[in-house]
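Spelled out from the first residue to the last, the chains are:
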Amino acid sequence: MQRRRTDIRARGTSISPSHQSHLFPVKKISLREDTAGTSHSGDFCHRCPAKQRISNRGRSLCELVVTGSRDTMRPGREARRESVRTHVAIRCPTGQGAAAKFFMDGDLGALRYASREPRMTLGAKPAATGEIPATTRRVTAPVLHQYKRQGQRIVMITAYDATMARLVDESGADVVLVGDSLGMVMQGHPHTLEVTLEHMCYHARCVRRAVQRAHLVVDLPFMSYQVSAEQALLSAGRLVQEGGAEAVKLEGGGRADAVRKIVQAGIPVMGHLGLTPQSVHEFGGFRVQGREDAAAERLRQDALQLQEAGAYAVVLEGIPAALARQISQSLAIPTIGIGAGVGCDGQVLVMQDLLGLDDRFKPRFVKRFAELAGVVRDAFATYGREVREGSFPGAEHSFSSNPSPAPASGSEPPTE
């Protein structure tokens, strides 16, 4: 069997495969592919400093080899150079050769592998129910369609800052939503109507820097798309260009023209039907929708129109569980429920609600998977008490004037 090897040099850049946690200066990146039969291709996009294209004919088995070095330093000792070399075997489960792309993330400085087909590590087993997925491939709109076909439920969680977005992403969630709910949980408003496009772009940028695997969806806020389809397209474009969104979400039925315009520009659109928070004044509050026959039929038709206009998914919020199940079964695109029962193709919750960070707020559709409000308050109170009584900071949290001598062999390095 022949081997073809292509070396890509990218000096002076901190780089790491997405499956690794360490960073090191790169000396060489090698893509090795076994050549025997079906087509397989890959390329570096414009964001990679190498700007080289790879195109091999081979079976869907490749090995990404990253070679580099890093310095390890201990106080009082000379720096030691440590060589680093990693190998990753990946394959396309279809066995037909996936069009693949390696690209450099300009914000994170990390090498990623993205494929139009599922990526699996050789020998990896599917995750059991409730476990974090073993795959590190990027979740995209087509991947969510694949989940729908396979009957795999979609997990979506909101995030509004880099710290929480990183934790959500590391949990294995499929979708991170930067929702206009930030107006309520981050800004303290009673509704979402005061959130602006600038707010959404800012929070989206924060989240974008932290998310490596999950699909990133950003809400179009109130009055950023209702005027015309052209306005909707311009607003969606800003969320992509300025916020790093991979898809946008808009509320309400009767938006087919706006959805079609945005999709034609190459931006995936997620719909949102039922209890749409931007219509809170029209509804007279946050009330369950679709209980009457006429209203239920209108929601069914709105869902079909969104699908026909090109939406790739739709959120169903605050509607009867039976109706949500019917809509989900009638659509080819995934549905993601919140207060819509278990019959949807996935679920979404606001991060603060899921973690129990506001113990004053517990609507029926929310399950608290943690009770962190009390934990956080206690931590703040303990900190305040120790500051006032002078027990914090202690000696272990302070620094001396002179560094400690080099430790004896086998002992722990000093912390000062």
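Computed from a predicted structure; not experimentally measured.

(A) Quick peek at the side chain of Ser328. Its location among the elements puts Ser328 in helix α9 (residues 321-330). Sequence-distant contacts of Ser328, that is, excluding residues within four places in its chain, are made with Lys148, Leu316, Thr335, Gly343, Cys344 and Asp345.

(B) Broad picture of the nonpolar core. Among the nonpolar cores identified, the biggest contains 57 residues, and Leu239, Ile262 and Leu316 are the most heavily contacted of them. Excluding residues within four positions of it along the chain, Ile262 makes contact with Leu220, Ala232, Leu233, Ala236, Val248, Leu250, Ile267 and Val269. Membership of the second largest hydrophobic core comes to 18 residues, among which are Val143, Leu144, Ile154 and Ile336.

(C) Geometry of the sheet that holds strand β14 (residues 247-249). Strand order in this closed barrel of 8 strands is β11-β12-β13-β14-β15-β16-β17-β18, and the pairing throughout is parallel. Averaged over all adjacent pairs, the angle separating strand axes in this sheet is 25°, with direction ignored.

(D) Looking closely at the packing of helix α8 (residues 293-309) against α9. Orientation of α8 relative to α9, taken along the N-to-C sense of each, is 25°, at an axis distance of 10 Å. The orientation of α8 relative to α9 falls into the category roughly parallel. Considering how the two elements wind past one another, α8 and α9 form a crossing that is right-handed. Of the residues in α9, those in contact with Ala296, Leu299, Arg300, Ala303 and Leu304 of α8 are Leu323, Gln326, Ile327 and Ser330. Residue classes in the contact of α8 with α9 are distributed as 6 nonpolar, 2 polar and 1 charged.

(E) Spotlight on the pattern of salt bridges. Considering all chains together, one arrives at 14 salt bridges under this definition. Across the salt bridge formed by Asp174 and Arg213, the nearest N and O atoms sit 3.7 Å from each other. Of the two residues, Asp174 is situated in the loop between α2 (162-170) and β12 (175-178) and Arg213 in the loop between α4 (197-208) and β13 (215-219); the sequence distance between them amounts to 39 residues. By the burial criterion, Asp174 is buried, and Arg213 matches it. If you follow the salt bridges from partner to partner, you end up with Arg138, Arg208 and Glu246 in one network.

(F) Up close: the side chain of Arg138. Tracing the backbone through its elements, the reader meets Arg138 in the loop between β10 (120-121) and α1 (141-150). Only 2.6 Å separates the side chain of Arg138 from the backbone oxygen of Gln212, close enough to count as a polar contact. Reaching out from Arg138, the side chain makes a polar contact with the side chain of Glu246 at a distance of 2.9 Å.

(G) Just the pairing of β12, in detail. Alternating positions in β12 separate into two faces, Val175 and Leu177 on one and Val176 and Val178 on the other, with burial throughout. In the sheet, strand β11 (residues 154-158) pairs with β12 via 3 bridges, with the strands oriented parallel. Residue pairing in the sheet places Thr158 in a bridge with Leu177 of β12. The parallel pair β11 and β12, bridged by α2, forms a crossover whose chirality is right-handed. Sheet analysis places β12 next to β13, joined by 4 bridges and oriented parallel. Paired with Val175 across the strands is His215, a residue of β13.

(H) View of α1. Of the residues making up α1, those classed as buried are Ala141, Val143, Leu144, Gln146, Tyr147 and Lys148. Among the residues trailing α1, Gly151 stands out with phi positive, at a value near 75°.

(I) Quick peek at α2. Residues of α2 that are buried include every one of Ala165, Val168 and Asp169, and no others. What you see down the axis of α2 is that its buried residues fit within an arc of 100°, all on one side. Packed against the buried residues of α2 are β11, β12 and α4. Of the residues that open α2, the one with a side-chain oxygen 3.0 Å from the backbone nitrogen of Thr163 is Asp161.

(J) Representation of the packing of aromatic side chains within the structure. In the structure shown here, the tally under the stated rule is 1 aromatic pair. Ring geometry for Tyr383 and Phe392: centres 6.0 Å apart, planes at 65°, overall edge-to-face. Accessibility expressed as a relative area gives 34% for Phe392, which makes it partly exposed.

(K) Structural detail: the environment of Val211. With respect to the helices and strands, Val211 occurs in the loop between α4 and β13. Between the C-alpha atoms of Val211 and Ala162, which are 49 residues apart in sequence, the distance is 8.0 Å.

(L) Highlighting the packing of α4 against helix α5 (residues 229-241). Where α4 meets α5, the axes come as close as 9 Å, and the angle between the chain directions of the two elements is 25°. In terms of orientation, α4 lies roughly parallel with respect to α5. The two elements α4 and α5 cross, and the hand of that crossing is right-handed. Counted together, Leu197, Glu198, Met200 and Cys201 of α4 and Ser235, Arg238 and Leu239 of α5 form the full contact between these two elements. Looking at the contact of α4 with α5 residue by residue, the class counts come to 4 nonpolar, 1 polar and 2 charged.

Parameters and conventions
- Residues numbered from 1 in each chain as written.
- Predicted model: local features only at pLDDT ≥ 70, side-chain atom pairs only at ≥ 80, totals over all residues.
- Heavy atoms only, no water.
- Helix = DSSP H or I, 4+ residues; strand = E, 2+ residues; numbered from the N terminus.
- Contact = heavy atoms within 4.5 Å.
- Core = buried A, V, L, I, M, F, W, Y, C linked by side-chain atoms within 4.5 Å.
- Buried < 20%, exposed > 50% of the residue type's maximum accessible area, 1.4 Å probe, protein only.
- Pairing = 2+ DSSP bridges.
- Axes fitted to C-alpha atoms, helices over the stretch in contact; angles between N-to-C directions.
- Parallel < 35°, antiparallel > 145°, perpendicular 65-115°, else oblique.
- Left-handed = near helix turned anticlockwise from the far one by under 90°.
- Nonpolar A, V, L, I, M, F, W, Y, C, P; charged D, E, K, R; others polar.
- Salt bridge = Lys/Arg side-chain N within 4 Å of Asp/Glu carboxyl O.
- Polar contact = N/O pair within 3.5 Å; in protein donor to acceptor, adjacent residues only side chain to side chain.
- Right-handed = clockwise from strand over helix to strand, strands pointing away.
- Arc of directions from axis to C-beta.
- Phe/Tyr/Trp six-rings, centres within 6.5 Å; stacked < 30°, edge-to-face > 60°.

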